[in-house]
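Structural description and commentary
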Amino acid sequence: MNTQPTLAKEGGSTGDPGETPQTDGLKAGLKNRHLSMIAIGGVIGAGLFVGSGSGIAAAGPAILLSYALVGAMVVFVMRMLGEMAAARPSSGSFSAYADQALGRWAGFTIGWLYWFFWVVVLAVEATAGAVILESWVPAVPQWAWALIVMVVLTATNLASVASYGEFEFWFAGIKVVAIGAFVAIGLLAVFGVLPGSDNPGAGFAHLTDAGGFLPMGAGAILTGVLMVVFSFMGSEIVTLAAGESEDPQRAVTKATNSVIWRIGVFYLGSIFVVLTLLPWNDPSIVEKGSYVAALDSIGIPAAGQIMNVIVLTAVLSCLNSGLYTASRMAFSLGRRGDAPKAFAKVDKRGVPRAAILSSVVFGFVAVFFNYEWPDTVFAFLLNSSGAVALFVWLVICVTQLRMRGIILRESPEKLVVRMWLFPYLTWATIGMIVFVLGYMIYDGGSAREQVVLSLLVAALVLAIAVVRERVGKTSVTRD
């Protein structure tokens with residue numbers, strides 16, 4: 001059997017006898033249960049567990065409206081992305097669609113920005129996981145734990161796409177069960193029917209008994225939006241993974257149709273439980289974290305350690321998916337000639353080894369920066385990738401405006417998922433995203449810095465894309 005890497009081409013395959021046919025050289029190694037759990041767990045990031053306390057402190061009960069607004073925006077974006085992905089499954093997802101609908105420069109720019117975002121996330125999550133692990137086993141230094149976590153998950157991704165899917169299935173499953181149990185137990189305590197609960201069971205009183213539902217004013221809703229928007233990043237991963245599934249169209253359709261209840265239960269449901277168990281201004285929400293504080297109020301023993309296990313699972317899930325996502329975007333860029341050709345090669349198992357290793361190497365470098373220069377180099381990396389999520393969503397919206405016509409013209413039978421109220425709701429979503437970006441600049445502080453630095457990096461990548469395109473046209477003309 002030939003063990004040499006094969007260059008994946010459009011309409012080709014790796015040529016391995018045991019390979020399920022795949023249009024871009026990757027193997028269809030993800031089962032429907034993998035895709036279902038990736039879709040469900042993809043919206044549950046570590047940010048939900050760790051960062052929600054700050055949002056509650058800033059906006060009070062009105063943070064529910066912040067989550068609802070961002071959640072609606074994500075639902076609309078996912079509907080648009082689902083429309084395109086169901087019609088044309090691709091490992092490059094929105095980057096490949098932007099390439100087709102807007103031009104080579106758009107696919108190149110948003111693809112590399114998205115890759116940059118996830119490799120920085122690798123460093124953030126590896127460090128967060130290392131902090132938890134070091135607290136359990138202090139004999140192993142924090143940097144060693146970060147290294148161990150990265151190595152294990154790199155090996156998982158290098159083994160096969162099925163290995164990634166299996167790990168993610170269990171990681172996501174733990175998150176889903178944990179949040180589901182939290183919501184169910186919390187609601188029983190809210191109404192005072194949980195046996196042995198220390199909570200007085202105040203019903204919905206805590207939503208208004210500490211200064212009303214809007215204690216910080218209506219403007220705090222927008223402040224809350226800025227604080228929660230980035231915890232939703234990752235919902236689009238399922239559309240990249242669908243390209244390596246047994247039935248991409250079915251997987252994308254199912255994931256797109258279920259995004260509303262997923263956001264409703266996991267985000268709005270769990271935050272609602274926190275706000276009804278405790279007054280929003282209870283100091284423990286910030287000191288311990290919103291979920292730990294809520295569990296403590298019920299009288300759950302060892303609530304902090306329970307949440308540490310769940311947060312660690314969320315961190316490992318994010319790391320696993322981040323490495324997968326970054327590598328598949330690098331693979332897609334390589335296949336389109338927008339990255340080194342080596343990125344588009346797959347081994348006999350259909351794994352883009354070079355794309356995975358290049359992504360994890362940058363992740364290792366970023367981890368090193370986080371330990372050596374956390375307030376300078378790493379802070380720059382973090383801030384310059386901070387607004388990329390919003391850029392991605394904006395590009396998805398603009399791309400869908402063009403792709404609808406292309407799909408209707410070339411393969412109308414594949415338009416099985418449709419964006420609601422097209423094009424009006426698409427334009428409204430574009431307006432929402434632009435407004436959030438504008439408010440981040442107006443709000444000042446770290447939000448403004450994130451947008452400005454992210455725009456500078458985006459401008460640099462765009463300039464490279466334009467120069468490459470012009471050089472390519474010039475060389476073709478001369479030939």
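The text that follows walks through the structure, step by step, so that each part is easy to find. (Residues numbered from 1 in each chain as written. Predicted model: local features only at pLDDT ≥ 70, side-chain atom pairs only at ≥ 80, totals over all residues. Heavy atoms only, no water.)

Describing the overall build of the protein
As a reminder, the rule being used: To qualify as a helix, a DSSP run of H or I must reach at least 4 residues; to qualify as a strand, a run of E must reach at least 2; elements of each kind are numbered from the N terminus. In this description the radius of gyration comes from C-alpha coordinates, and the expected globular size is given by 2.2 Å times residues to the power 0.38. For each residue, the accessible area found with a 1.4 Å probe, counting protein chains only, is set against the maximum for its type, and the residue is called buried under 20%, exposed over 50%, and partly exposed in between. Contacts between residues were defined by any pair of non-hydrogen atoms, one from each residue, lying within 4.5 Å. Surface accessibility in these figures is a Shrake-Rupley result with a 1.4 Å probe; residues are shielded only by whichever protein chains are displayed. The sign given to each residue is positive for Lys and Arg and negative for Asp and Glu; His and the chain ends receive no count. In plain terms, the charge of a residue is placed at NZ if it is Lys, CZ if Arg, CG if Asp and CD if Glu.
Tallying secondary structure elements over the protein gives 18 helices and 2 strands in all. Compactness check: the protein gives a C-alpha radius of gyration of 22 Å against a globular reference of 23 Å for 479 residues, within 12% of the reference. Its C-alpha atoms put the protein at 75 × 55 × 45 Å along the principal axes. Taken over 479 residues, the protein has a buried fraction of 56%. Contacts in the protein between residues far apart in sequence, at least 24 positions, make up 79% of those at least 6 positions apart. Total accessible area on the protein stands at roughly 18800 Å², and carbon and sulfur atoms take up 67% of it. Separation of charge centres in the protein, based on 30 positive and 29 negative side chains, amounts to 11 Å.

Quick notes on the packing of helix 3 (residues 63-87) against helix 17 (residues 424-443)
Note the threshold: Only the stretch in contact is used when a helix axis is fitted, and all axes are lines through C-alpha atoms; the angle between N-to-C directions ranges over 0 to 180 degrees. We call two directions roughly parallel when the angle between them is under 35 degrees, roughly antiparallel when it is over 145, roughly perpendicular when it lies between 65 and 115, and oblique otherwise. Crossings are sorted by hand: turned counterclockwise from the far helix by less than a right angle, the near helix makes the crossing left-handed, and turned clockwise it makes it right-handed. Each residue gets one label: Ala, Val, Leu, Ile, Met, Phe, Trp, Tyr, Cys and Pro are nonpolar, Asp, Glu, Lys and Arg are charged, and the others, such as Gly, are polar.
Packing of helix 3 against helix 17 brings their axes to within 10 Å, and their N-to-C directions diverge by 130°. Classed by the angle they form, the pair helix 3 and helix 17 counts as oblique. As for how helix 3 packs across helix 17, the hand of that crossing is left-handed. Residue-level contacts link Leu69, Met73, Phe76, Val77 and Met80 of helix 3 to Leu425, Thr426, Thr429, Met432 and Ile433 of helix 17. Split by residue class, the contact of helix 3 with helix 17 holds 8 nonpolar, 2 polar and no charged.

Points about the environment of Glu83
Here is the rule: Here a polar contact is taken to be a pair of N or O atoms separated by no more than 3.5 Å, where protein atoms must pair a possible hydrogen donor with a possible acceptor and residues adjacent in sequence count only if both atoms sit in side chains.
For Glu83, the location among the structural elements is in helix 3. Sequence-distant contacts of Glu83, that is, excluding residues within four places in its chain, are made with Gln400, Arg404, Ile407, Leu415, Val417, Arg418 and Met419. A distance of 3.0 Å separates polar atoms of two side chains, one belonging to Glu83 and the other to Gln400. A polar atom in the side chain of Glu83 sits 2.7 Å from the backbone nitrogen of Met419.

Topic: unusual backbone geometry
Cis geometry is found at the peptide bond from Phe422 to Pro423, where omega equals 0°. At Ala302, a residue that is not glycine, the phi angle is positive and equals roughly 55°. Secondary-structure assignment places Ala302 in the loop between helix 12 (290-298) and helix 13 (303-335). Residue Ala302 is classed as exposed on the basis of its relative accessible area, which comes to 54%. Despite not being glycine, Leu421 has its phi angle at roughly 50°, a positive value. Along the chain, Leu421 falls in the loop between helix 16 (388-410) and helix 17.

Brief notes about helix 13
Quick note on the threshold: By this rule the span expected of a helix is its residue count minus one, scaled by 1.5 Å.
With 33 residues, helix 13 extends 47 Å between its outermost C-alpha atoms, agreeing within 8% with the 48 Å of an ideal straight helix rising 1.5 Å per residue. In terms of burial, helix 13 is a largely internal element, 27 of the 33 residues being buried. Trailing helix 13 by a residue or two, Gly337 shows a phi angle of about 80°, which is positive.

Considering the packing of helix 5 (residues 104-136) against helix 6 (residues 142-159)
One way to put it is that helix 5 packs onto helix 6 with a least axis distance of 8 Å and a crossing angle of 120°. Our classification of the angle between helix 5 and helix 6 gives oblique. In the packing of helix 5 onto helix 6, the handedness of the crossing is right-handed. Between helix 5 and helix 6, the residues in contact are Leu122, Ala126, Thr127, Ala130, Val131, Leu133 and Glu134 and Gln142, Trp145, Ala146, Val149 and Met150, respectively. Tallied by class, residues from the contact of helix 5 with helix 6 come to 9 nonpolar, 2 polar and 1 charged.

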